[in-house]
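Descriptive analysis of the structure
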Amino acid sequence: MKHFILSFVALLFLVFESIFAQLFAGDVFGSNNILVPRFMIVFVFFLTMYGSRRMGMLYGAILGLTYDVVYTEILGIYMFLLPFLAYLISKSMKILQNNILITCLMALVFTALVEGVSYQMNHILTFADMTFGEFMERRFVPTIILNLIFIIISCYPLKRLIEKFDLQEEME
């Protein structure tokens, strides 16, 4: 039952990303900034930090493939990037303290890493038509601010939900 609920929550975040992107696309606030919600990716990071590395990598691969199929032109970027980052998060959390502030900071850093790698891959494959400075100003900074707000709002409920299922014991 717990896997069904976690899968449903992940699916809700994936769908909510799309809805959020449609509602706040374009010139909603009178600027030409691009807001990219990374809610599902933040969920995978929290699942890795408070659940287990294996579960985070598994959900990262499945949700990354789903994300690639639904949203991107290139299959495999998120499918390989998310499990890899889940692995790095699990290793880094063994070094750092596992409190809510450090967890939020790590989720923000790895979300920024996802955004940067995504831009670089699109730039290499000539899908991105903006310069790095323009990317930083129009997309990176607004995306990081948006996802920081989401991380702050959702960190405690996600932590409680994932810890409730006690995924550490199951995966060992």
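All figures in this text were calculated on a predicted structure; none of them were measured in a lab. The residue count restarts for each chain, going from 1 along the sequence in the order it is written. Since the coordinates come from a predicted model, pLDDT governs what is reported: local features require at least 70, and pairs of side-chain atoms require 80 or more to be given and counted, while whole-chain, interface and lining totals use all residues. Where side-chain values are given, they derive from all heavy atoms of the structure, hydrogens and water being excluded.

**A closer look at the overall build of the chain**
Put simply, the rule reads: The helix and strand labels rest on DSSP assignments: H or I over at least four residues marks a helix, E over at least two residues marks a strand, and numbering proceeds from the N terminus. As a reference, a globule follows 2.2 Å times the number of residues to the power 0.38, and the radius of gyration itself is taken over C-alpha atoms. Burial status follows relative accessibility: with a 1.4 Å probe on protein chains alone, a residue under 20% of its type maximum counts as buried, one over 50% as exposed, and anything between as partly exposed. Residues are treated as being in contact if the distance between any of their heavy atoms lies within 4.5 Å.
A count of helical and extended segments in the chain gives seven helices and zero strands. What you see for the chain is a C-alpha radius of gyration of 16 Å, in line with the 16 Å of a compact globule of 172 residues. For the chain, the spread of C-alpha atoms along the three principal axes comes to 45 × 30 × 30 Å. When the 172 residues of the chain are sorted by exposure, 44% land in the buried category. Look at the contacts in the chain between residues 6 or more apart in sequence, and 72% of them connect residues 24 or more apart.

**Notes on the side chain of Thr-143**
Worth spelling out the cut-off: For the purposes of these results, a polar contact is taken to be a pair of N or O atoms within 3.5 Å, where, inside protein, one atom must be able to donate a hydrogen and its partner to accept one; residues adjacent in sequence count only when each atom of the pair is a side-chain atom.
Mapped onto the fold, Thr-143 is located in helix 6 (residues 132–165). From its side chain, Thr-143 meets the backbone oxygen of Ile-34 in a polar contact 3.4 Å long.

The quantities given are spatial measurements derived from coordinates; they are silent on function.
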